Amino acid sequence: MAKLVINEENRLGRIEPEIYGHFSEHLGRCIYEGIYVGEDSKIPNVNGMRTDVVEALKELKIPVLRWPGGCFADEYHWRDGIGPKEKRKKMINTHWGGVVEDNSFGTHEYMELCRQLGCKTYVNANLGSGTVQEMSEWVEYMTFKGVSPMADLRAQNGHEEPWTLDYIGVGNENWGCGGNMTPEFYGNEYRRYQTYVRNYDAAKPVQKICCGANVDDYEWTKGVLSTTFYHGKEAHGFMDGLSLHYYTHPNGWEEKGSATDFDEETWYKTLKKALYMDTLITRHGNIMDEYDPEKKIGMIVDEWGTWFTCEPGTNPGFLYQQNTVRDALVAGITLNIFNKHCDRVKMAALAQMVNVLQAVLLTEGEKMIKTPTYHVMHMYRHHQGADLLESSLCDVGETGIGEWTVPEVTESVSIDSSGVITITLNNLSIEQEKKVDVQFANCGYKVTEANIVTGNDMRDHNTFDAPENVTEKTFAGYRETAEGLSVTLPVNSVVEIRVSR
Ligand code: AHR
């Protein structure tokens, strides 16, 4: 039997709520249809935002939303998306399907969406094909209170008051779609651009996020940091975060594989690749430690999730994929990893929120369904803002097929401000249930709530005709013991157990 030892006397750091963030790009049916349908739509909406989608996202307590891209960000010119809609410029979305982008969702609409969601704002600016002036004026447009050309323009467009810009990304994937730059070139550009991100409201400084690496490109991390830190440690003020992008695709970049039709070996292969996130955070984190030993700069994993071959019959440029129990496990595993690294990981964004890649919601006309990933994010919301507790698993074996071996169980544990402890456990095996003996430092804990996301089959998923195949259900597979709990995790399951004294 495996043992989970929890030392609730040792708090290891705060799990920033932003670790549970989301990403919405002008890509496929994420923004248009998925979120924004326009005020005249017959789909119920508030100021153009789908009511069903907003309500579902609010249940996740979504803390922050990144926008407008992605690759789209480095081709986005914000002035195209303000002013009367009929006059807004139409453009081709060259990255994503070559469709017409009518710019009807722009800065005002994004800020309205964040208002409805009650989340923080994270705008990704254009460094690849934009200018310093353009970026600097966007910041002025969004945040300056008083008389200025951009504040006046904002008022003319109907919004007198400035908004709060919590985070700004200075370019996206500038090693690739954001300009194919070298780390040194980007590092210098970053230094210049970030200079003009002015803090017009000293009480609410804009957090600046520098473009970090793709997957295991440690040279990028070193190159960008050494360039940015050219003058030594005082360069800390240049950045608040450094991003990292990592997608899980079992069969490599070319042949990603079906989201729903996969075999047992591919199950383990996918989970093993999801677990690789731990190595990436550790190794990029080690490099960051050389420049920033006090961990003032957050690692911002602002694109993560599964990336499979798009659903048959859909536009390949739209990246629309289904979401199964396998995605639930990828989410559970990854979020446990982020929690465990909360000393360095300060924000993350699942790609992407609606209708794209590992989405939490899928829509079809007026219909909306919640995916297995949604239900995992819902259970894990209890970790947001809680303190990570020291915890470790003993006597856990490995499971898998051939070279694709993974630990049978992963976990993370936190305690919230009212003293409730949240334990999240994943059983990665598709063959064997797993007994876990949970031991606390103190005794007398009672379960207040326990939930599970699983399926009868690893390929189970929700459809518009059967939206409740995989949902969050009450979990009864535990027994309170003198030392803690005795838990039996069903195969391929993500479980949350909450206890208090
Ligand atoms: O999320 C889809 C794309 O993946 C993003 O636009 C880009 O940043 C990444 O390559």
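Values in this document were obtained by computation on a predicted structure and should not be read as measured data. (Residues numbered from 1 in each chain as written. Predicted model: local features only at pLDDT ≥ 70, side-chain atom pairs only at ≥ 80, totals over all residues. Heavy atoms only, no water.)

Q: Explain the overall build of the chain residue by residue, including any values.
A: In terms of helices and strands, the chain carries nine helices and 26 strands. The globule rule puts the C-alpha radius of gyration for 501 residues at 23 Å, and the 22 Å found for the chain is close to it. Its C-alpha atoms give the chain principal-axis dimensions of about 65 × 55 × 45 Å. A buried classification covers 61% of the 501 residues belonging to the chain. (Helix = DSSP H or I, 4+ residues; strand = E, 2+ residues; numbered from the N terminus. Rg over C-alpha atoms; globule rule 2.2 N^0.38 Å. Buried < 20%, exposed > 50% of the residue type's maximum accessible area, 1.4 Å probe, protein only.)

Q: Account for the site of the ligand, naming residues and giving values.
A: Surrounding the ligand, one finds 13 residues, the nearest of these being Glu 25, Cys 71, Glu 173, Tyr 247 and Glu 303. Contact distances for the ligand include 2.7 Å between an oxygen atom and a side-chain N or O atom of Tyr 247. Side-chain polar atom of Gln 352 to an oxygen atom of the ligand: 3.0 Å apart, as the coordinates give it. Protein contact buries 94% of the 290 Å² of open area that the ligand shows by itself. (Near = heavy atom within 4 Å. Polar contact = N/O pair within 3.5 Å; in protein donor to acceptor, adjacent residues only side chain to side chain. Areas by Shrake-Rupley, 256 points an atom, 1.4 Å probe, with all protein chains shown as cover.)

Q: How would you explain the packing of aromatic side chains if you had to name every residue and give the values?
A: The full count for this structure, using the stated rule, is 22 aromatic pairs. A centroid spacing of 5.6 Å and a plane angle of 55° characterise the contact between Phe 229 and Tyr 291, whose relative ring orientation is tilted. On the criterion of sequence distance, the pair formed by Phe 229 in the loop between α6 (218-228) and β11 (241-248) and Tyr 291 in helix α7 (residues 264-291) is long-range, its members being 62 residues apart. With a centroid separation of 4.8 Å and 65° between ring planes, the pair formed by Trp 253 and Trp 307 is classed as edge-to-face. Of the two residues, Trp 253 sits in the loop between β11 and α7 while Trp 307 sits in the loop between β12 (298-306) and α8 (325-340), which places them 54 residues apart along the sequence. Trp 307 gets classed as buried once you look at its relative accessible area, which sits at 11%. (Phe/Tyr/Trp six-rings, centres within 6.5 Å; stacked < 30°, edge-to-face > 60°.)

Q: How would you summarise the pattern of salt bridges if you had to cite specific residues and measurements?
A: For the structure on display, the rule yields 29 salt bridges. Overlapping salt bridges, with partners in common, bring together Asp 289, Asp 292, Lys 295, Asp 343 and Arg 344 in one network. (Salt bridge = Lys/Arg side-chain N within 4 Å of Asp/Glu carboxyl O.)

Q: Explain the sheet that holds strand β23 (residues 472-474) residue by residue, including any values.
A: Sheet architecture is open: 10 strands sit in the order β23-β22-β26-β20-β19-β16-β1-β21-β25-β24, paired in mixed fashion. Edge positions in the sheet fall to β23 and β24 (478-480), since each of these pairs with one other strand and no more. Taking the axes of each pair of neighbouring strands and ignoring which way they run, one obtains an average angle of 25° across the sheet. Relative to strand β19 (residues 409-415), strand β16 (residues 387-394) runs antiparallel, the two being bridged by two bridges. Across the sheet, residue Leu 388 finds its bridge partner in β19, namely Ser 414. (Pairing = 2+ DSSP bridges. Axes fitted to C-alpha atoms, helices over the stretch in contact; angles between N-to-C directions.)

Q: Could you give an account of the sheet that holds strand β5 (residues 64-67), naming the residues involved and the relevant values?
A: In spatial order, the strands read β2-β5-β8-β9-β10-β11-β12-β13; together these eight strands close into a barrel with parallel pairing. Each strand axis lies, on average, 30° off the axis of its neighbour in the sheet, ignoring direction. Pairing of strand β8 (residues 120-125) with strand β9 (residues 167-170) involves four bridges; the strand directions are parallel. Its bridge partner being in β9, Asn 124 is matched across the sheet by Gly 169. The strands that helix α5 (residues 183-195) touches are β9 and β10 (207-214); relative to β10, the one it contacts most, it runs at about 165°. Its contacts with the sheet place α8 against β11, β12 and β13 (345-351), and it is angled at close to 170° to β12. (Contact = heavy atoms within 4.5 Å.)

Q: Explain the environment of Arg 66 residue by residue, including any values.
A: Take Arg 66: it is sitting in strand β5. As for Arg 66 and Ala 349, which are separated by 283 residues in sequence, their C-alpha atoms are 7.2 Å apart. At 2.9 Å, the side chain of Arg 66 forms a polar contact with the side chain of Asn 124.

Q: Before we move on, could you go through helix α9 (residues 372-380) and cite the residues and values that matter?
A: Burial within α9 is extensive, with nine of its nine residues counted as buried. Every buried residue belonging to α9 is among Pro 372, Thr 373, Tyr 374, His 375, Val 376, Met 377, His 378, Met 379 and Tyr 380, and all of these are buried.

Q: Go over the state of the cysteines, please, and point to the residues and values.
A: Summed over all chains, the structure comprises one disulfide. Two residues, Cys 71 and Cys 177, share a disulfide whose sulfurs are 2.3 Å apart. Between Cys 71 and Cys 177, the S-S dihedral sits near -90°, and the bridge is therefore left-handed. Within this pair, whereas Cys 71 is found in the loop between β5 and β6 (91-92), its partner Cys 177 is found in the loop between β9 and α5, the two being separated by 106 residues in sequence. On the accessibility criterion, Cys 71 (12% relative accessible area) is buried. Judged by its relative accessible area of 28%, Cys 177 is partly exposed. Here Cys 119 is not disulfide-linked; the sulfur of Cys 114 is the nearest cysteine sulfur, at 3.8 Å. Classification of Cys 119 as buried rests on a relative accessible area of 10%. (Disulfide = S-S within 2.5 Å.)

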